[in-house]
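Survey of secondary and tertiary structure
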Amino acid sequence: MPSFLKKNKNIKVLIGLIFLQLILISIQVPLDEEETYFEKLIFSVFSPVQHGVVYLFQKTGTFWKSYFDLKGARKENERLKEEMFFLLQENNIIRNLLQKYKSENEINDALRNIQENILHARVIGFDASNFYKSVVINKGFLDDIQKNMPVLDRYGNLVGRIVGPISLKESRIQLVTDINCGISVFSEKKEVLGVLAGDGKGMCILKYILSTDEDFFQGERVYTSGFDGIFPPGISVGEILSLETTSGLFKKIMVKPYFKFQDLDNLAVIKIKNLNVF
Amino acid sequence: MKNLIRVTAGIIITIIIYTTLAKISISAVQIINLFSLVVIYFAMEKGEVFGACLGAFCGLIYDSFSLGVFGVAGIAKTLTGFLAGYVSKKIDVNPFIRSLIFIFILISSELIVWGFLYSYIFSASFNTGKGIVFLQPFGTAFSGSLIFLLIRKFKGVTSKHKK
């Protein structure tokens, strides 16, 4: 075959591949909530690899701690004992306070309800295009994970919500720092309602607050209001970092989320709509 | 068959390193574009068509790790794979410095294509990770040249032993 034809054949393959991918992109755009079967398939195939890597990491860490790093394990044990001691004290104080309003059985039932509806999950993957967009956790269909379940960090701060795709043992979380995320929130002191969205760079923006609205305080806490029908009310999200009154209709308010990206290891998936069990 | 096993092994190793690095430091993943290194390595060995096909496949895997649109990274990596295979046939890019410049140019172009497509489709600028992502061409070029050199050395040693 003449060389120019051979060259053309290669270019034809290249054009064909690009064309196929352009078709693939056009199928998915405009972007909507529902993921495609193709996306689900790819996710189900590759997420177990990530799951396996994290499992291997965990096991290596446990092996190291159990057999070699005994000094470190002892130190951690002491720290956990101390932490547990204070948590038990706190628990008792709160229980005693609650007993003024509720019977012991009612309290036990409510606490059991919370325990049964909180699922512990571990982060196994990060978003390749933007780390502040989404993460993958090691819980899926088999753990009763469903779309829109809120996800909190280990301190109870809002991290995001479950979005698709959900495979058997893996699912994806949309982080509050994603630009497409929208949460109904209110400020702690002035109780002004707004919509919180991510800026895609690790921070959040409090939207639709009129320039004529009352001033916020720097450092003022922001909580979920529950009006979006996804996140239960009263979950701490972050605090106001800066505010600017612009010449436009709305204020420019930056919110720093409480969850720390480096600490995103252990997460809590909330399986109930209402956390206000008392 | 042997090629398929090698490519599969290469991709699995990449996913493992990618997940491991992401667990240790997010910046590390932003500095080194591991999937593109796999594409460039095999494109240099097998030619532009193989590189383009592998680029498309690796792009899909890359997109599956993100809450985005399938095909964005695919197009960028397809072009990278094709160019890597085509240029490496014409010029010897094996010496360390040449390899460094070659990968640097390829990754820079890929970043431009990917950034353009991302911004166009999502109507938003992509996260530069406080500028860290701009170190990606150099980070990938340096680590890639080093890895390719080590692989060649290793291959040389094993072929000598076989003789």
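Above this text sits the structure in question.
Residues numbered from 1 in each chain as written. Chains lettered and ligands numbered in written order. Predicted model: local features only at pLDDT ≥ 70, side-chain atom pairs only at ≥ 80, totals over all residues.

**Some details on the overall build of chain B**
The secondary structure content of chain B amounts to seven helices and zero strands. When the helices and strands of chain B are listed from N to C terminus, the series reads α-α-α-α-α-α-α. Its C-alpha atoms give chain B a radius of gyration of 16 Å, near enough to 15 Å, the size a compact globule of 163 residues would have. Taken over the C-alpha atoms alone, chain B extends approximately 55 × 35 × 30 Å along its principal axes. Looking at chain B residue by residue over its 163 residues, the buried ones come to 50%. Within chain B, contacts between residues separated by at least 24 positions form 67% of all contacts whose residues are at least 6 apart in sequence. (Helix = DSSP H or I, 4+ residues; strand = E, 2+ residues; numbered from the N terminus. Rg over C-alpha atoms; globule rule 2.2 N^0.38 Å. Buried ≥ 20, exposed ≤ 12 C-beta atoms within 10 Å, placed from the backbone. Contact = placed C-beta atoms within 7 Å.)

**Some details on the pairing of strand S9 (residues 221–224) of chain A**
Residue and element names in this part refer to chain A. Going residue by residue along S9, you find Val222 and Thr224 tucked away on one face and Arg221 and Tyr223 left uncovered on the opposite face. In this structure, strand S6 (residues 183–187) lies alongside S9, joined through three bridges in antiparallel fashion. Each bridged residue has a counterpart across the sheet, and for Ser187 the counterpart in S9 is Val222. With three bridges connecting them, S9 and strand S10 (residues 236–244) associate as antiparallel partners. Within S10, the residue paired with Val222 across the bridge is Gly238. (Pairing = 2+ DSSP bridges.)

**A short note on the pairing of S6 of chain A**
Residues and elements named next belong to chain A. Across the two faces of S6 the burial differs, with Ile183, Val185 and Ser187 buried and Ser184 and Phe186 not buried at all. Note: S6 against strand S7 (residues 193–198), four bridges, orientation antiparallel. Paired with Val185 across the bridge in S7 is Gly194. Between S6 and S7, which pair antiparallel one after the other, the connecting turn spans five residues, and Glu191 there sits at a positive phi close to 50°.

**Let's talk about the sheet that holds strand S11 (residues 252–257) of chain A**
All names here are of chain A. Taking strand neighbours around the barrel as the criterion, the six strands line up as S6-S7-S8-S11-S10-S9 in a closed arrangement whose pairing is antiparallel. Between one strand axis and the next, the sheet turns by 40° as a mean value, whatever way the strands run. Here six bridges tie S10 to S11, and the two strands are oriented antiparallel to one another. Among the inter-strand pairings, Gly238 is bridged to a residue of S11, identified as Pro257. (Axes fitted to C-alpha atoms, helices over the stretch in contact; angles between N-to-C directions.)

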